[in-house]
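One-letter residues, chain by chain:
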Amino acid sequence: MNKFMRVTWLAAVLVLLSVSELRAQEESSGAGGKVCIKQVQDYWAAFSRMDADAAVAMHSPKGVYATNSDGSFHKPLKVTSAEQMKENFLNYSGLWKVYYPEAIALSKDVILTRYYLEGLYKAGASTTPYRTRVTHTWVNENGKWLTRSWHFSPAAYGGVHVTQSSDFKKQ
């Protein structure tokens with residue numbers, strides 16, 4: 001086999017391996033990924049409805065690791081009750097909308113979702129737009145996909161859409 005044939009053969013093998021890896025990733029995030037993207041949508045819909053029971057039901061009973069977009073340090077493991085979630089609603093009331101969700105399988109029982117989240121943050125009498133990027137980890141515990149960790153990071157408004165209350169009106 002000459003040098004050209006060896007290089008061509010090697011290139012073909014590399015392409016096949018790359019395609020196989022891509023298909024494996026797509027298949028592995030397939031059903032679980034679709035379920036977790038729906039979970040993301042359902043979670044923020046529950047949050048918008050201020051349905052603490054529905055939102056907390058999507059948290060792992062083992063707790064959730066969180067990093068907020070306010071620049072504070074990582075938060076310790078926290079098991080959130082419905083009562084604590086209701087307190088959250090005092091600051092984060094309003095409608096929340098998920099944009100561009102993606103799901104990536106990290107293993108058969110761990111799915112990473114990432115998306116943009118927009119909503120309105122209420123502080124006292126004022127309400128301000130809130131936009132963040134989220135990486136959100138879901139684990140399959142006893143046959144249910146549950147939130148185990150998430151990281152929120154601010155998304156700048158420079159030259160991009162600024163959330164307005166009209167964005168959340170049903171059309």
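Before any of the text, the structure's been laid out above.
Here we summarise the structure given alongside this text. Per chain, the residues get numbers from 1 upward, laid out in the order the sequence is written. Residue-level local features of this predicted model are given only where pLDDT is at least 70; pairs of side-chain atoms are given and counted only at 80 or more, and the full residue set underlies all totals for whole chains, interfaces and linings. No hydrogens and no water enter the side-chain calculation; it runs on all heavy atoms of the structure.

**Here we look at the layout of surface pockets**
Then, in step 1: Each cavity reported here is a set of points on a 1 Å grid over the protein atoms alone in which a 1.4 Å probe fits but cannot get out, each pocket an open set with protein on both sides within 12 Å along at least five of seven lines, and each lining residue one with an atom within 4 Å of a point. Grid points are joined across faces, edges and corners, and a volume is the space filled by probe spheres set on the points. The computed volume of the largest pocket comes to approximately 640 Å³.
Then, in step 2: Asn-68, Asn-88, Tyr-92, Trp-150 and Phe-152 are, among the 23 residues lining the largest pocket, the residues nearest its centre.
Then, in step 3: Listed by contribution, the elements that provide at least two residues to the lining of the largest pocket are α1 (3-49), α3 (82-88) and β5 (144-154).
Then, in step 4: Counting from the N terminus, the helices are DSSP H or I runs at least four residues long and the strands are E runs at least two residues long. Ranked by residues supplied to the lining of the largest pocket, first place goes to α3 with four residues.
Then, in step 5: Gly counts as polar in this scheme, as do all residues outside two lists: the nonpolar Ala, Val, Leu, Ile, Met, Phe, Trp, Tyr, Cys and Pro, and the charged Asp, Glu, Lys and Arg. A per-class count over the lining of the largest pocket returns 13 nonpolar, six polar and four charged.

**What about the pattern of salt bridges?**
Then, in step 1: Should a side-chain nitrogen of Lys or Arg be within 4 Å of a carboxyl oxygen of Asp or Glu, the pair is scored as a salt bridge. A complete count under the given rule lists five salt bridges for this structure.
Then, in step 2: In this structure, the salt-bridge partner of Arg-49 is Asp-51, at a minimum N-O distance of 3.4 Å.
Then, in step 3: Relative accessibility under 20% of the residue-type maximum defines a buried residue, over 50% an exposed one, and the middle range a partly exposed one, all with a 1.4 Å probe and only protein chains included. For Arg-49, a relative accessible area of 53% puts it in the exposed group.

**Describing the side chain of His-136**
Then, in step 1: Looking at where His-136 falls in the secondary structure, it is placed in strand β4 (residues 126-141).
Then, in step 2: Pairing of N or O atoms within 3.5 Å defines a polar contact, subject to two protein rules: one partner must be a possible hydrogen donor and the other a possible acceptor, and residues neighboring in sequence count only if both atoms are side-chain atoms. Within polar-contact distance, the side chain of His-136 engages the side chain of Tyr-115 at 2.8 Å.
Then, in step 3: Apart from residues lying up to four places away in sequence, His-136 is in contact with Val-40, Ile-111, Leu-112, Thr-113, Tyr-115, Thr-147, Ser-149 and Trp-150. By the convention used here, residues are in contact when the closest approach between their heavy atoms is within 4.5 Å.

**Quick notes on the environment of Pro-129**
Then, in step 1: The residue Pro-129 is located in strand β4 in this model.
Then, in step 2: Sequence spacing of Pro-129 and Gly-119 is ten residues, and the spatial spacing of their C-alpha atoms is 6.0 Å.

**Brief notes about the packing of aromatic side chains**
Then, in step 1: Two rings belonging to Phe, Tyr or Trp (six-membered ring only in the last case) form a pair when the distance between their centres is within 6.5 Å. Interplanar angles under 30 degrees mark stacking, angles over 60 mark edge-to-face geometry, and anything in between is tilted. Scanning all chains against the criterion turns up 13 aromatic pairs.
Then, in step 2: Judged by centre distance (5.3 Å) and plane angle (70°), the ring pair of Tyr-43 and Trp-150 falls under edge-to-face. Of this pair, Tyr-43 sits in helix α1 while Trp-150 sits in strand β5, and the two are 107 residues apart along the sequence. Exposure class is identical for Tyr-43 and Trp-150. Each is buried.
Then, in step 3: What links up through ring pairs into an aromatic cluster is the set Tyr-43, Trp-44, Phe-47, Phe-89, Trp-96, Tyr-130, Trp-150 and Phe-152.

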